[in-house]
Amino acid sequence: MAQVQTTEKLELRRDISVWGSFTWGFADVGANTYVALGLVMAYTQGASSLVFALAGIIYIMIGLAYTELASAYPVAGGGPYFTMRGLGDFWGFVGGAALLLDYTIDIALFATASAGYLNFFMPYILGRSIESFAISIGPLHNVNYFWCIETLVLISILIWINIKGIKESSFINELIGVIVILTESALVIMGFLFAWKPEFLAMQWKTQFPSLHNFMYGSSLAIISFIGLESISQAAQETRRPATIIPRTSLTLIFTVFIFAVAFSTLGLGVLPWQEFAKHMDNPVAILAKAIPLIGFIAGPFAAGLGALMLFISSNTGVMGASRLTYSLSQFGIISPWFHTVHPKFHTPVRNIVIFSMIAVIQTVLSFLTPHAMDTLGNMYAFGASLGYTLVFIALIKLRFSDPYTPRPYKMPLNIKIGYKGRKVDFPLLGVIGMLGVATILFMVVLTHTIGRIAGPAWILLCFIYYAWYRKKEGFPLFKSIKHNWEKEQIEVLTSAEEYDLLEQYKNALAERDKKRVQIK
Amino acid sequence: MHVQVSPLGIIIAVVFFFSIGGILWWMLHPPPQIKPEVAKARRSVEALKRILVPTSGMPYSERGIELACRLGAEHQAEIVLTYVIEIPRTLPLNAPMPEAEEKANQILNRGKEIVELHHLPPVLLVERAREAGEGIIRAAKDNQVDVIVLGMRTDLRGAQSLWGRTSDILIRKAPCEVILDKLPESS
């Protein structure tokens, strides 16, 4: 059977600390909440807190699945890598293509949004608003070339930072992460202490409950606010002691973001009517902050600055995620080994960074040719994530049966022991519930997101054409898997990660298995 | 904008502060890194799933049972209690010895009580052999044990060898790890 030949000696360096690993995820997920709050409240009205809590429960299950898998397999690649190990090359490719779509949109969408927040200051600097730059080009109307150029400049800065190295890139995340967490915490605490009216929240809940359709549509949007968990796993190969650190950073991220999302929506409904948030969808946190006594007077400019920062680092995680994902896919024969190269000086996958950032640039330019650039990008965002997450859940369940030997420093709770091939396997009940939950979200996205349901599958099809061409050219099977030596790789990964305790556990488990096989023979 | 203070708001703010603060503190304090040599030593003990303890009913051998139980507690190890009836060379190995067998059962049942106090599964074995060491080794091989824990007598001054004959045979011929426990003579 064909086997992948990898001659590359240079590897990604392990530079990401505990805080860095956490902020990779928080940069992405935290920014989503910041943007999605107004959009979700516009549809779910008085039930916003409930919707965020329900979507958050599914998100927690996704998070727990990622925590288990990322700590067991601490390599770059995240969801698609787990899918490939559990379900084989083809499904690994499907998961990879889905998440790659999300990462490139992530770069484009959040860089656009970041530039949008910067435009808040435009009247003070240039004396005119951003809307005044919109022009018509033939049949295309409301084309804002200035905003588009700003976005492209931001993407260029991100390309440069990411080429220079993960240490520099991670440092930005770490620094901004501190500012964001402190600011958001201060807003929530000040808001609950000095502005929150529980009776107002109760009144909105009772009298402004949404219709079932709006409730469901809002729920599919709310899950968008939790996309980004993948980033921690993508950085696993560059994280110091990943099997120890990642369970901690993942669990912290899951609960921190959940607490913030529920806190902001609960606070919002207890301070302002939901219609206020619907009216200011672009800047909901700023509107909320403005309504808080004592700090409200600086809320506008500060929230705009904070929003720009958050969205900028969120875009940064998109660049990092796309490049690391493709680096990983190339390692396993899903795409060409040409993508599995790191720069001799910077130790970063420069080709991947440039190529996939360029795809984001194309997406940005095309979206600015539509009347509402952010709407166009946002509509496609949930498709890739919900498809990728569904596959990850299936892979998690399968791996419990096919690879019980890899030590799992963290295991999803709620397991039942069942007999399988003469041994006991922990069957993850919560994994099944999570899979059904995410599959429902995927169904709702396909049903309600008009652009996403066409652009998403079209992207997967486009990627499949490349995949089929490459696999045929190399003589690799299309739907079956290349022979991978997962055991050897696992030993190498744990050794390089300096996770010696897990390495010994793994070796003991394999030795025990081999002993049993000999006894049976 | 008027300041609006509610008791529930204060409670939520405090809970929020401690939830976020607490979880971040926990995240930032991971356990220290384990060195390769330390990990190897630590994990080499993990495979102790069946422990054999020879018992003669003497206090030192019952102390050996207690030690074995503590050793096996983490992985719920099976404790194989073995009493060896030494048959004189003038008799065949299967010669009836009702008194010795009754004594063996009494001693094993006493040992079983110790094991059950630790909620571990006991296995009781009576072996017949010309020498105790020989019977213990056969039991260890037949039951594929991971380790033998032997409580030794405290007074070895009259013994022919350094550690006593049984211990000598175990150290030389045991098919698995052997742990000897000897208290100082004064105890």
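This text gives an overview of the structure that appears in the document. (Residues numbered from 1 in each chain as written. Chains lettered and ligands numbered in written order. Predicted model: local features only at pLDDT ≥ 70, side-chain atom pairs only at ≥ 80, totals over all residues. Heavy atoms only, no water.)

## Structural notes on the overall build of chain A
Line of reasoning, step 1. On a plain count of helices and strands, chain A comes out with 20 helices and 4 strands.
Line of reasoning, step 2. Taken over the C-alpha trace, chain A has a radius of gyration of 23 Å; the compact-globule value for 521 residues is 24 Å, and the two agree within 12%.
Line of reasoning, step 3. Its C-alpha atoms put chain A at 75 × 50 × 40 Å along the principal axes.
Line of reasoning, step 4. When burial is assessed residue by residue, chain A has 61% of its 521 residues classed as buried.
Line of reasoning, step 5. Look at the contacts in chain A between residues 6 or more apart in sequence, and 81% of them connect residues 24 or more apart.
Line of reasoning, step 6. Element-wise, carbon and sulfur atoms account for 69% of the exposed surface of chain A, whose accessible area totals about 19700 Å².
Line of reasoning, step 7. Side chains of chain A carry 38 positive and 31 negative charges; the gap between the two charge centres is 7 Å. (Helix = DSSP H or I, 4+ residues; strand = E, 2+ residues; numbered from the N terminus. Rg over C-alpha atoms; globule rule 2.2 N^0.38 Å. Buried < 20%, exposed > 50% of the residue type's maximum accessible area, 1.4 Å probe, protein only. Contact = heavy atoms within 4.5 Å. Areas by Shrake-Rupley, 256 points an atom, 1.4 Å probe, with all protein chains shown as cover. Lys, Arg positive; Asp, Glu negative; His and termini not counted. Charge placed at Lys NZ, Arg CZ, Asp CG, Glu CD.)

## With respect to the interface of chain A and chain B
Line of reasoning, step 1. Listed by partner, the interface residues are 41 residues for chain A and 35 residues for chain B.
Line of reasoning, step 2. Between chain A and chain B, roughly 3300 Å² of surface is buried when both sides are summed, and carbon and sulfur atoms account for 70% of that area.
Line of reasoning, step 3. Area buried by chain A at its contact with chain B is led by Arg248(A), Tyr500(A) and Asp501(A), which between them contribute 19% of it.
Line of reasoning, step 4. There are 0 salt bridges connecting chain A and chain B.
Line of reasoning, step 5. In this structure, the connection of chain A to chain B is made through 7 residue pairs in polar contact (both at pLDDT 80 or more).
Line of reasoning, step 6. Taken together, the elements giving at least two residues each to the side of chain A that touches chain B come down to α1 (18-44), α7 (166-194), α8 (198-207), α11 (242-271) and α20 (500-520) of chain A. (Buried area = accessible area lost by both parts, 1.4 Å probe. Salt bridge = Lys/Arg side-chain N within 4 Å of Asp/Glu carboxyl O. Polar contact = N/O pair within 3.5 Å; in protein donor to acceptor, adjacent residues only side chain to side chain.)

## Here's the deal with the packing of helix α9 (residues 212-222) of chain A against helix α17 (residues 429-448) of chain A
Residues and elements named next belong to chain A.
Line of reasoning, step 1. For the pair α9 and α17, interaxial distance at closest approach is 10 Å and the crossing angle is 110°. Taken together, the axes of α9 and α17 lie roughly perpendicular to each other. Crossing geometry of α9 relative to α17 is assigned as left-handed. Here Met216, Tyr217, Ser219 and Ser220 of α9 come into contact with α17, specifically with Ile441, Met444, Val445 and Thr448. (Axes fitted to C-alpha atoms, helices over the stretch in contact; angles between N-to-C directions. Parallel < 35°, antiparallel > 145°, perpendicular 65-115°, else oblique. Left-handed = near helix turned anticlockwise from the far one by under 90°.)

## Some thoughts on the packing of aromatic side chains
Any aromatic ring pair is given by two values, namely how distant the centres are and how the planes are angled relative to each other.
All names here are of chain A.
Line of reasoning, step 1. Tallied over the full model, the rule gives 36 aromatic pairs over all chains.
Line of reasoning, step 2. Relative to Phe146, the ring of Phe133 has its centre 4.4 Å away and its plane inclined at 20°; by these criteria the two rings are stacked. Here Phe133 is found in the loop between α5 (122-125) and β1 (134-137), whereas its partner Phe146 is found in helix α6 (residues 145-164), with 13 residues between them in sequence.
Line of reasoning, step 3. For Phe133, a relative accessible area of 6% puts it in the buried group.
Line of reasoning, step 4. On the accessibility criterion, Phe146 (26% relative accessible area) is partly exposed.
Line of reasoning, step 5. In textbook terms, an aromatic cluster arises when at least three aromatic residues are bridged by ring pairs, as seen for Tyr66, Tyr73, Tyr81, Phe82, Phe332, Tyr389 and Trp486.
Line of reasoning, step 6. Sitting over the face of the ring of Phe200, Lys197 holds its NZ or CZ atom 5.6 Å from the ring centroid.
Line of reasoning, step 7. One residue, Arg513, lies across the ring of Tyr405, its end atom 5.1 Å from the ring centre. (Phe/Tyr/Trp six-rings, centres within 6.5 Å; stacked < 30°, edge-to-face > 60°. Lys NZ or Arg CZ within 6 Å of the ring centre and 35° of its normal.)

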